[in-house]
Amino acid sequence: MSPETAAPAKSLAGASRSDRSRARARAARHRRILVHGTRVLLLVGLLGLWEWLARTAVIDPFNFSMPSKIWDQMSQWALHGTPQGSLWEQIWYTLYEALLGWVIGVLGGVVLGIALGRIRFLADVLGPYIKVLNALPRIVLAPIFLIWFGLGPASKVASAVVLVFFPVFFNAFQGAREVDRNLVANSRILGASNRQVTLQVVIPSATSWIFTSLHVSFGFALIGAIVGEYIGATKGLGLLVSASQGTFNAAGVYAAMVILAVVALLAEGLLAFLERRLFRWKPADTAGGR
C-alpha cells in the first residue's frame, strides 16, 4: 500500500474506533439512566402501595403505619427535636459510636489478620480461639458490655468492635495468605526484609480483600451501636427506636430505621468512592463494578 492510501486508511480506522467508543459511552449512560429510573419507580410504587393498603385498612395502620405518617414523624423530629433532644444530636451520637467502633475493629482485624496470615505459628496457636469466639452469637454480648461499661458510649463502641472485627480479620487473613508467592520470592531475592515484604508486598496485595470487608463492616458497626442503645442508653437512634416501641409509635420506629438506612447508604457511597480512587489502576468490573 502506498503512503498516499495508507494515511486515509489509518484516519478511517481511528474514526471508527472513536465512533465505537462514543457508542459504548452512550449505551452505558442510557443503561445508568434506565437502572436509576427503574429504582426510583420501584421505590415510589412500593411506598404508594404501602400507603394505599394502610389507608384502605387492608393492613392495620396502627401496627404498620404508613409512609405519610413516617414522613410527618421525621419532619417533627427534625423541626422540633425528640424527647431525648435534637434529632441531629441523636444521629451524631450513634454515628460517633459506630465510627469509633468501626475504626477500632478494622484496625484490630487488619493487624491481627495480617500477622496471623504471615506467621503460621501464631495462626496455629490463636486459630482455635478465634474460631470459638467467631462462633459465639456476638450480639448477645451487648448486655454484658452494658454491665461492664455502663450506659455511656463505651458499651456501644464495644458492641460495634466485636461485630466489625471478625469479617475484617478473616478477609485480611485470607488476603495475606493469597499473596502471589513469586512476588514474595522475588522480593527476598532482591534483599527485602520480613518487614519490607509485609509492608510493600503483602499489605498492598491484601488491600482489595480488606476493602471488600469494609463495605459490610460499617453496617455491622451501626448494628452494634443501635443494639447497645436499644438495650440501654441516654441518647442515640437506638434509644429513639426503643422509646417509640415503648409508646406503640410504629411511625417513630420506621422513621428511625429510615434515618439509619440513609446513614448506611451515605457511608457505603463514601467507601465506594474511596475504593475507586484507590484502585483506579484496576479494571472497572473488579474495582468499582460491585
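Counting from 1, residues in each chain are numbered in the order their sequence is written. Restriction of local features to residues with pLDDT of at least 70 applies here, the model being predicted, together with a cutoff of 80 or more for giving and counting side-chain atom pairs; totals for whole chains, interfaces and linings are based on all residues. Side-chain measures were taken over the full set of non-hydrogen atoms in the model, leaving aside hydrogen atoms and water.

**As for the environment of Ala 250**
Here is step 1 of the chain: Numbering of helices and strands runs from the N terminus; a helix is a DSSP stretch of H or I covering at least four residues, while a strand is a stretch of E covering at least two. Following the sequence through the fold, Ala 250 ends up in helix H11 (residues 250-278).
Here is step 2 of the chain: With a 1.4 Å probe rolled over the protein chains alone, any residue whose accessible area is under 20% of its type maximum counts as buried; one over 50% counts as exposed, and the rest are partly exposed. Here Ala 250 falls in the buried class, since its relative accessible area comes to 13%.
Here is step 3 of the chain: With 184 residues separating them in the primary sequence, Ala 250 and Met 66 have C-alpha atoms 9.0 Å apart.
Here is step 4 of the chain: Leave out the neighbours within four places in its chain, and Ala 250 touches Phe 62, Asn 63 and Ser 65. We call two residues in contact when some of their heavy atoms are within 4.5 Å.

**Topic: the packing of helix H5 (residues 120-135) against helix H7 (residues 153-177)**
Between two packed helices, the angle of one axis relative to the other and the distance separating the axes together describe the packing.
Here is step 1 of the chain: The geometry of H5 relative to H7 is characterised by a closest axis approach of 12 Å and an angle of 150° between their N-to-C directions. As the angle between them shows, H5 and H7 are arranged roughly antiparallel. Pair H5 / H7 crosses with left-handed handedness. Where H5 abuts H7, its residues Arg 120, Ala 123, Ile 130, Leu 133 and Asn 134 lie against Phe 166, Phe 169, Phe 170, Phe 173 and Arg 177.
Here is step 2 of the chain: Of the residues that constitute the contact of H5 with H7, the class distribution is seven nonpolar, one polar and two charged. Axis lines are fitted to C-alpha atoms, over the contacting stretch for helices. Their N-to-C directions set the angle, which ranges from 0 to 180 degrees. Note that the term roughly parallel is reserved for angles under 35 degrees, roughly antiparallel for angles over 145, roughly perpendicular for angles of 65 to 115, and oblique for everything else. Rotating anticlockwise by less than a right angle from the far helix to the near helix defines a left-handed crossing, while the corresponding clockwise rotation defines a right-handed one. As a working rule, the residues Ala, Val, Leu, Ile, Met, Phe, Trp, Tyr, Cys and Pro are called nonpolar, Asp, Glu, Lys and Arg charged, and the rest polar, with Gly in that last group.

**As for the packing of aromatic side chains**
Here is step 1 of the chain: Pairing of aromatic rings covers Phe, Tyr and Trp, the last through its six-membered ring, and needs centres within 6.5 Å; plane angles under 30 degrees mean stacked, over 60 mean edge-to-face, and all others mean tilted. Taken as a whole, this structure holds 11 aromatic pairs when the rule is applied.
Here is step 2 of the chain: Taking 6.0 Å as the distance between ring centres and 25° as the angle between the ring planes, the aromatic pair formed by Phe 169 and Phe 173 counts as stacked. One end of the pair, Phe 169, and the other, Phe 173, are both in helix H7, four residues apart, so they sit about a helical turn from each other. Each member of the pair, Phe 169 as well as Phe 173, is classed as buried.
Here is step 3 of the chain: An aromatic cluster of three or more residues is present, and its members are Phe 165, Phe 166, Phe 169, Phe 170 and Phe 173.

**Some points on the layout of surface pockets**
Here is step 1 of the chain: Points on a 1 Å grid over protein atoms alone make up a cavity when a 1.4 Å probe fits among them but cannot get out, and a pocket when they form an open set with protein on both sides within 12 Å along at least five of seven lines; lining residues each have an atom within 4 Å of a point. Grid points are joined across faces, edges and corners, and a volume is the space filled by probe spheres set on the points. In this model, the second largest pocket occupies a volume close to 300 Å³.
Here is step 2 of the chain: Considering the residues around the second largest pocket, the lining is formed by Leu 43, Leu 47, Trp 50, Pro 67, Ile 70, Trp 71, Met 74, Tyr 254, Met 257 and Val 258.
Here is step 3 of the chain: Looking at the lining of the second largest pocket, the elements with two or more residues in it are helix H1 (3-55), helix H3 (67-80) and H11.
Here is step 4 of the chain: Looking at the lining of the second largest pocket, the element that brings in the most residues is H3, giving four residues.
Here is step 5 of the chain: Split by residue class, the lining of the second largest pocket holds 10 nonpolar, no polar and no charged.

**Considering unusual backbone geometry**
Here is step 1 of the chain: One non-glycine residue, Ser 65, adopts positive backbone phi at about 55°.
Here is step 2 of the chain: With respect to the helices, strands and loops of the structure, Ser 65 is situated in the loop between helix H2 (61-64) and H3.

**A look at the confidence of the model for the chain**
Here is step 1 of the chain: Residue-level pLDDT values for the chain average 80, and 81% of them are 70 or greater.
Here is step 2 of the chain: The quantity known as pLDDT measures the predictor's confidence residue by residue, on a range of 0 to 100. Within the chain, the lowest mean pLDDT, 46, falls on helix H12 (residues 284-287), and the highest, 90, falls on H3.
Here is step 3 of the chain: Counting interchain partners and residues more than four positions distant, the pLDDT-below-50 stretch residues 285-290 has 10 contacts.

**Re helix H6 (residues 141-149)**
Here is step 1 of the chain: Within H6, the full set of buried residues consists of Ala 142, Phe 145 and Leu 146. Down the axis of H6, the sector holding all buried residues measures 105°, keeping them to one side. Among the exposed residues of H6, those oriented more than 90 degrees off its buried face are Ile 147 and Trp 148.
Here is step 2 of the chain: Downstream of H6 by one or two residues, Gly 150 has phi in the positive range, about 85°. To obtain the arc, one takes the directions from the helix axis to the C-beta atoms.

**Details of the pattern of salt bridges**
Here is step 1 of the chain: Think of a salt bridge as a Lys or Arg side-chain nitrogen and an Asp or Glu carboxyl oxygen that are within 4 Å of each other. On inspection of all chains with the given rule, the structure shows two salt bridges.
Here is step 2 of the chain: A salt bridge links Glu 51 to Arg 55, with the nearest nitrogen and oxygen atoms 2.6 Å apart. Taken together, the residues span about one helical turn, with Glu 51 and Arg 55 both in helix H1 at a distance of four residues.
Here is step 3 of the chain: Across the pair Glu 89 and Lys 235 runs a salt bridge whose closest N-O atoms are separated by 2.5 Å. Of this pair, Glu 89 sits in helix H4 (residues 87-118) while Lys 235 sits in the loop between helix H9 (194-231) and helix H10 (237-246), and the two are 146 residues apart along the sequence.

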